[in-house]
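So the chains spell out like this:
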Amino acid sequence: MSLSLNQWTTRRWSVAEAVDGCVRHGVEAIGLWRQEVAAQGLDETIALVEAAGLRVSSLCRGGFLTADTSAAFAAALDDNRRAVDEAAALGASCLVMVVGGLPGVTPGEPLAAFSRDLAGARARVAEALAALAPYAGERGVRLALEPLHPVYCPDRAVLSTLGQALDLAERYPVEQVGVVVDTFHVWWDPQVFEQIARAGDRIASYQVCDYLHPLPADVLLGRGMMGDGVIDFAPITEAVRAAGYTGDVEVEIFNAAVWAADPDEVVTTMKARYASLVERPQRAV
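These lines cover the structure that appears in this document, whether it is placed above or below. (Residues numbered from 1 in each chain as written. Predicted model: local features only at pLDDT ≥ 70, side-chain atom pairs only at ≥ 80, totals over all residues. Heavy atoms only, no water.)

**Here we look at the nonpolar core**
Part 1 of the argument: In this structure, L32, L95, L145, I196, Y206, M226 and M270 are the most contacted members of the largest nonpolar core, which totals 95 residues.
Part 2 of the argument: It is helix α5 (residues 118-138) that contributes the most residues to this core, 9 residues altogether.
Part 3 of the argument: Setting aside its immediate chain neighbours within four residues, L95 contacts L59, R61, G62, N80, A83, V84, A87, V141, R142, L143 and A144. (Core = buried A, V, L, I, M, F, W, Y, C linked by side-chain atoms within 4.5 Å. Buried < 20%, exposed > 50% of the residue type's maximum accessible area, 1.4 Å probe, protein only. Helix = DSSP H or I, 4+ residues; strand = E, 2+ residues; numbered from the N terminus. Contact = heavy atoms within 4.5 Å.)

Here you go:
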């Protein structure tokens, strides 16, 4: 497994700056975000990545598939098809799918008109996947379902466990649909090791960061640098490796202090923590 910089870890950097940073720091892969690719330009991003010799470990993100009106659901499918096309053009290893929360619940905004139909939201994810998986497969793109920590179930992802994600993924060929193992989202799950073993070659991405305690008021920003929180990376990494995963390991951090820091210093720390805690982990005492 090799280290990859998820672009959101150094959020102040543009695509061009992040690509340059990877080259200068000897990081061989990058995880890109669609809005940043759009700002740089898709064709220019492709040229930058190819000139630097980087792998695109993932494109983030597709998903948000739980809309409960026909027009909004159709629009979500159209946007996800565009995301698949972008991932294909970039040669991304996978398109990360954050499937969406309850209809009408908007991240970071007070509740207004919304639906409490959790089962219905999950059913629409399954319906959308039935339309998108063949489309992605025809274009050589692997959809990577990402279960999110249950705290994000209302507004971001009605898939909360690796087991739930696998229940959906296993309906499709392994080259079409896989799953993301993200330490922040799965470390708490008492079935995580059983489910990682079950996942096997469906693991499309392994993402790491730490789970800070206490969480900040904006829980989205609780993704800390490895070693700054409560996660024991050794057994999770061992399980992912034992499941046969040999791809890139993305460090994906959402944290105000990290974003405010010098991105070069962030990458230097990231490499050191990755080497000691993830690549060659020692079990916590």
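**Focus: helix α3 (residues 42-52)**
Residue pairs spaced three or four apart in an α-helix point in one direction, given the helix's 3.6 residues per turn.
Part 1 of the argument: Looking only at α3, the buried set comprises T45, I46 and V49. Projected onto a plane normal to the axis of α3, the buried residues spread over an arc of 100 degrees and lie on a single side. More than 90 degrees from the buried face of α3, the exposed residues found are D43 and A51.
Part 2 of the argument: Buried positions along α3 lie against α1 (15-25), β2 (29-33), α2 (34-40), β3 (55-63) and α4 (70-90). (Arc of directions from axis to C-beta.)

**With respect to the sheet that holds strand β7 (residues 203-208)**
Backbone hydrogen bonds are what pair the strands of a sheet, in a parallel or an antiparallel way.
Part 1 of the argument: Spatial strand order, β1-β2-β3-β4-β5-β6-β7-β10: 8 strands in a closed barrel with parallel pairing. Going from strand to strand, the sheet's axes swing by 30 degrees on average, the running direction of each strand aside.
Part 2 of the argument: Note: strand β1 (residues 2-6) against strand β10 (residues 248-251), 4 bridges, orientation parallel. Each bridged residue has a counterpart across the sheet, and for S4 the counterpart in β10 is E250.
Part 3 of the argument: Sheet contacts for α1: β1 and β2; angle to β2, the most-contacted strand, approximately 165 degrees.
Part 4 of the argument: Packing of α4 onto the sheet brings it into contact with β2, β3, β4 (95-98) and β5 (143-145), and relative to β3 it is tilted by some 175 degrees. (Pairing = 2+ DSSP bridges. Axes fitted to C-alpha atoms, helices over the stretch in contact; angles between N-to-C directions.)

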